[in-house]
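A structural walkthrough
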Protein chains: 2
Amino acid sequence: MSLIVQKYGGTSVGSPERIKNVAARVAKYRQRGEQIVVVVSAMSGVTDNLIKLAREIMPLPSEREMDMLLATGEQTTIALTAMALHAMDMPAVSLTGAQAGIVTDGVHTKAKIQNITPKQVHALLDAGNVVIVAGFQGQTSEGQITTLGRGGSDLTAIALAAALKADLCQIYTDVDGVHTADPRLVPNARKLEEISYDEMLELAGLGAKVMQSRSVEFAKKFGVVFEVRSSLNDNPGTIVKEETQSMESVVIRGVSLDKNQAKITLTAVPDKPGAAARIFRALGDANINVDMIVQTASHGSGAPATDISFTMDKPDLLKARKVLDSLKSEVGYREVLADEKIGKLSIVGVGMRSHSGVAAKMFEALAHAGINIDMISTSEIKISVIIDLASGEDAVKAVHHTFLG
Amino acid sequence: MSLIVQKYGGTSVGSPERIKNVAARVAKYRQRGEQIVVVVSAMSGVTDNLIKLAREIMPLPSEREMDMLLATGEQTTIALTAMALHAMDMPAVSLTGAQAGIVTDGVHTKAKIQNITPKQVHALLDAGNVVIVAGFQGQTSEGQITTLGRGGSDLTAIALAAALKADLCQIYTDVDGVHTADPRLVPNARKLEEISYDEMLELAGLGAKVMQSRSVEFAKKFGVVFEVRSSLNDNPGTIVKEETQSMESVVIRGVSLDKNQAKITLTAVPDKPGAAARIFRALGDANINVDMIVQTASHGSGAPATDISFTMDKPDLLKARKVLDSLKSEVGYREVLADEKIGKLSIVGVGMRSHSGVAAKMFEALAHAGINIDMISTSEIKISVIIDLASGEDAVKAVHHTFLG
């Protein structure tokens, strides 16, 4: 008898009808003799409605009370899911995060899981129950209700799978798995049978949107093999696991395009020690996550000066401008140029480590398509370039065609 | 510095706007230097919506899962109420029933409070917070979430007031207090300044609807003085407390009319030992709460036989008929006559004990109004009569006029 943890997101449990579908899927696995732990999110729309209610009370509610409020969303779903299993004569018991033994730190709205004591989960499984656990939530060792922040339900599932030593963890979503590129952009994109944690991590950070990095990091750290698959059909999904030798034979696992980037260029920054440090310290202090940085020689006359360009998430652009304005007299640059019309195109693959000429091949593909490269950044298993946003989709197609057919 | 427990029902917290009003009232007391514990219900409509969701999943959901589901209603309100106090710069912390230390037995959907360990409530009060507690809910000593059933939030407030040794417990509702009669029926009905637990208990059992009997019983048992008052104005309400000598000088505290009664008459029941016992045992086993019972001589010929009439809550009528049908051959009565068009008119007052002629005065008042009396039942501090439903409102007016002006 194996133990499977299944996680269903908000869309999969978005109505009583859909909850019944989830129950039917769970029952099918259970009838094969598997032990099942189900992790569910709040029904789609519920969390947003709760946030709206809170905002009607005050613009910036206390994070402790937001956790108290939002935790009700998943608690509603677990009760309804247990009922749906009962309706199929399947023994099932729901547990809040706290009841499932999920202990977190006290950082409300983005708590970190500290440990899991799944005594009650084990006892209920051994008594023949399907156990339904509220995703996204836990409690501190002092009994305060906490939530785990974005992607929290995936994290609950993967952490529970680790604590329970589950044989498999299935993340059900509304896509069939991880693809070589976004199928809406590249019609001949293929679903991947498997992908390594590191490749998945790079893709998660590059706008692939299937999962948050933290859940993948957690899975990697504890060696939890998980499958990303669809709750709408029975197709096998993509298995995410530790890198294997066979994975290296594939040079490029996938291509992604992140349209949510913005670029700032500071022109004529005086070329003296500490200028760059001052700038990026101030941005860091303002919690602005800077991604790529390029420094080039400035072509002006006069004292030695450089241009510094960097990228960040689009929503941070305004905040970044404010920080830079306040630094102008201190650092002494000429002007701030902002560009929101950029895209970050990336290729990811552990095979890059053992194959040379990958970057050149990518740049050639873009050149052939007449697409100009603005900035370049590389890691061991990733190459990213900043291009004009308008060329983004053509670029994805060209690069996908070159590497993945 | 005194400690006040305030309870606000679902209508009083029915929208963000109303929750802000509650917060304003709480803040006013707090600013006087009082320590405040606020008990809130689910926002009006929320519990019904959750029940509807559950019914879409299955007709008769498990009671454990219903508790898991319904407990989210009050949890939502406590978070929003705490936020509303924060918006007024008032320190406030919300607690679920479990966090407030409310320990119940394991009878889901109608759990009984076993004990309260309000350590956390005390600590938060001492740190200067208003403490907001979710009404209607608790947890078992094994950590299962339970709810207390109808009127549960009142019970939470009164039990907390007892455990905290509060100086006052205020039950906020949408009426100004307890009246000598329903003001919609009797325009010159007066609000009572005070009423004894026993009188309140009789009124609660007689359709007065202000509060459930169990909360009043709990208050009586633990000597919790409480005030029933309106959340819509600042009028003083009605104080409910132990009987005092001065209360006895008032013969009648109030008049009530319960329109939710039905009567069954069994005709020609053979007059042999055990017949009545057999009938009422069977009704009791079916959980039908029989109220008044009258047995009269039957005017038929033949073997000795009697008519037996009894009353019950209207929703139980159908179930009672089924029980009686199944007994027909065994007990041997002639027919079952059912009457839903009855009303139970009652007068209540501890002064009855020391005043004679009260019943006669009530019957005369009804006779003058041309109203026929069908059945009579009395207790030490109550006289109830069954009358024709159509005469109910005239009867209330006539009796109120005679005793209370």
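Positions within a chain are numbered from 1, following the residues in the order the chain's sequence is written. As a convention, the first chain written is A and the first ligand written is 1, with the rest following in written order. The predicted origin of the model limits local features to residues at a pLDDT of at least 70 and limits the giving and counting of side-chain atom pairs to 80 or more, whereas totals for whole chains, interfaces and linings rest on all residues.

Counting secondary structure elements, chain A contains twelve helices and 20 strands. Overall, the C-alpha framework of chain A stretches about 80 × 50 × 30 Å when taken along its three principal axes. In this description, any two residues whose backbone-derived C-beta atoms lie within 7 Å of each other are considered to be in contact. Restricting the contact set of chain A to residue pairs at least 6 apart, pairs at least 24 apart contribute 74%. By the criteria applied, helices consist of DSSP H or I runs no shorter than four residues and strands consist of E runs no shorter than two, each listed in order from the N terminus.

Next up on the list: the environment of Gln120 of chain B. Residue and element names in this part refer to chain B. Summarising the element assignment, Gln120 is placed in helix α4 (residues 119-126). Burial is judged by counting other C-beta atoms within 10 Å of a residue's own C-beta: 20 or more means buried, 12 or fewer means exposed, and anything between counts as partly exposed, with every C-beta placed from the backbone. For Gln120, a count of 17 C-beta atoms within 10 Å corresponds to the partly exposed category. Remark: the alpha-carbon pair of Gln120 and Thr11, spanning 109 residues in sequence, is separated by 28 Å. If near-sequence neighbours (up to four positions away) are discounted, Gln120 is found in contact with Leu95, Gln99, Ala100 and Gly101.

Another point: the domain arrangement of chain A. When its domains are assigned, chain A resolves into domain 1 (3-174), domain 2 (266-338) and domain 3 (342-404). Note: domain ranges come from an automatic or database domain assignment. Once you take the C-alpha centre of each, domain 1 of chain A and domain 3 of chain A turn out to be 39 Å apart.

Given a helix with a known number of residues, its expected span is that number minus one, times 1.5 Å. Taking 1.5 Å as the rise per residue, helix α2 (residues 46-57) of chain B with twelve residues should run 16 Å; its terminal C-alpha atoms sit 17 Å apart, in good agreement. Among all positions in α2 of chain B, only Leu50, Ala54 and Ile57 of chain B are buried. Angularly, the buried residues of α2 of chain B cover 50° about the axis, an arc narrow enough to put them on a single face. In α2 of chain B, those exposed residues whose orientation departs by more than 90 degrees from the buried face are Asp48, Asn49 and Lys52 of chain B. For α2 of chain B, the secondary structure elements touched by its buried residues are α1 (16-31) and α3 (63-86) of chain A together with α3 (63-86) of chain B. For this quantity, the arc is that covered by the directions from the helix axis to the C-beta atoms.

Before going further, it helps to spend a moment on the packing of helix α5 (residues 152-163) of chain A against helix α7 (residues 213-222) of chain A. Residues and elements named next belong to chain A. For every element, the axis is a line fit to its C-alpha atoms; helices are fit only across the contacting stretch, and the angle between N-to-C directions ranges from 0 to 180 degrees. Two elements in contact, α5 and α7, have axes whose closest approach is 9 Å; the angle formed by their N-to-C orientations is 10°. Relative to α7, the element α5 lies roughly parallel. Counted together, Asp154, Leu155, Ile158, Ala159 and Ala162 of α5 and Arg214, Ser215, Phe218, Ala219 and Phe222 of α7 form the full contact between these two elements. Think of it as three bins: nonpolar holds Ala, Val, Leu, Ile, Met, Phe, Trp, Tyr, Cys and Pro, charged holds Asp, Glu, Lys and Arg, and polar takes everything else, Gly as well. Of the residues assigned to the contact of α5 with α7, the class counts are seven nonpolar, one polar and two charged. Should an angle fall under 35 degrees it is called roughly parallel, over 145 degrees roughly antiparallel, and 65 to 115 degrees roughly perpendicular, with every other angle called oblique.

Residues and elements named next belong to chain A. Spanning 16 residues, α1 covers 22 Å between terminal C-alpha atoms, matching the ideal 22 Å at 1.5 Å per step. Buried within α1 are the following residues: Ile19, Lys20, Val22, Ala23, Val26 and Arg30. Projected onto a plane normal to the axis of α1, the buried residues spread over an arc of 160° and lie on a single side. α1 presents Glu17, Lys28 and Gln31 as exposed residues on the side facing more than 90 degrees away from its buried surface.

In this section: the environment of Val210 of chain A. All names here are of chain A. Along the chain, Val210 falls in the loop between α6 (197-204) and α7. We classify Val210 as partly exposed; it has 18 C-beta atoms within 10 Å. Along the primary structure Val210 and Thr109 are separated by 101 residues, whereas in three dimensions their C-alpha atoms are 21 Å apart. The residues contacting Val210, other than those within four sequence positions of it, are Thr173, Val175, Val178, Ala204 and Val228.

Residue and element names in this part refer to chain A. Of note, Ile36 is situated in strand β2 (residues 35-40). The spacing of Ile36 and Val26 is ten residues in sequence and 7.4 Å in space, taken between C-alpha atoms. In this structure Ile36 touches Ile4, Gln6, Val26, Tyr29, Arg30 and Val130, once residues within four positions along its chain are discounted.

Once chain B is rotated about the relating axis by 180° and shifted along it by 0.0 Å, it coincides with chain A to within an RMSD of 0.1 Å. The operation mapping one copy onto its partner corresponds to a two-fold rotation axis. When C-alpha distances to the rotation axis are compared across chain B, the minimum falls at Thr72 of chain B, with a value of 2.5 Å. Most of the interface of chain B is mirrored in chain A, where 100% of its interface residues again form contacts. Overlaid copies result from least-squares superposition on C-alpha atoms, with residues included only where pLDDT is at least 70 in both.

With that settled, the discussion passes to the interface of chain B and chain A. Between chain B and chain A, the contact holds 27 residues from the first and 27 residues from the second. Considered class by class, the residues forming the side of chain B that touches chain A number 16 nonpolar, eight polar and three charged.

So, about the pairing of strand β11 (residues 226-230) of chain B. All names here are of chain B. Note: two strands are recorded as paired if DSSP finds a minimum of 2 bridges between them. Here five bridges tie strand β9 (residues 168-173) to β11, and the two strands are oriented parallel to one another. Counterpart to Thr173 in the pairing with β11 is Ser230. Where β11 and strand β12 (residues 238-241) come together, three bridges link them in antiparallel fashion. Bridged to Phe226 within β12 is Val240.

To continue, consider the pairing of strand β13 (residues 254-258) of chain A. All names here are of chain A. Most of β13 is tucked away: five of the five residues are buried. In β13, alternate side chains face the same way, and those of Gly254, Ser256 and Asp258 on one face and Val255 and Leu257 on the other are all buried. Taken together, the five bridges between β13 and strand β18 (residues 342-348) define a ladder with antiparallel strand orientation. Bridge assignment links Gly254 to a residue of β18, and that residue is Val348.

All names here are of chain B. An order of β3-β6-β2-β1-β9-β11-β12-β10 is seen for the eight strands of this open sheet, with the pairing classed as mixed. Of all strands in the sheet, those bounded by a partner on one side alone are β3 (92-95) and β10 (194-196). Neighbour-to-neighbour, the strand axes of the sheet open up by a mean angle of 20°, direction not taken into account. Two elements, strand β1 (residues 3-8) and β9, share five bridges in a ladder whose sense is parallel. Paired with Lys7 across the bridge in β9 is Ile171. Contacts between helix α5 (residues 152-164) and the sheet are confined to β1, β2 (35-40), β6 (130-134), β9 and β11, with β1 contributing the most and set at about 175° to the helix.

Moving on to the packing of helix α11 (residues 358-368) of chain B against helix α12 (residues 392-404) of chain B. Residue and element names in this part refer to chain B. Interaxial distance between α11 and α12 falls to 9 Å at its minimum, and their mutual angle equals 130°. Taken together, α11 and α12 sit at an angle that is classed as oblique. Crossing of α11 against α12: the hand is right-handed. Residues Lys361, Met362, Ala365, Leu366 and His368 of α11 form the contact with α12, whose own contacting residues are Ala395, Ala398, Val399 and Thr402. Crossing handedness is read from the near helix: turned anticlockwise from the far helix by less than a right angle, it gives a left-handed crossing, and turned clockwise, a right-handed one.

Bringing the sheet that holds strand β11 (residues 226-230) of chain A into the picture now. Residue and element names in this part refer to chain A. Taken in spatial order, the eight strands of this open sheet run β3-β6-β2-β1-β9-β11-β12-β10, and their pairing is mixed. The strands lining the two open edges of the sheet, one partner per strand, are β3 (92-95) and β10 (194-196). The mean inter-strand angle of the sheet, taken between neighbouring strand axes irrespective of direction, is 20°. As defined by bridge partners, β10 adjoins strand β12 (residues 238-241) across three bridges and the pair is classed as parallel. Each residue of the ladder has a partner; that of Ser196, found in β12, is Lys241. α6 rests against β10 and β12 of the sheet, and its axis sits at about 85° to β10.

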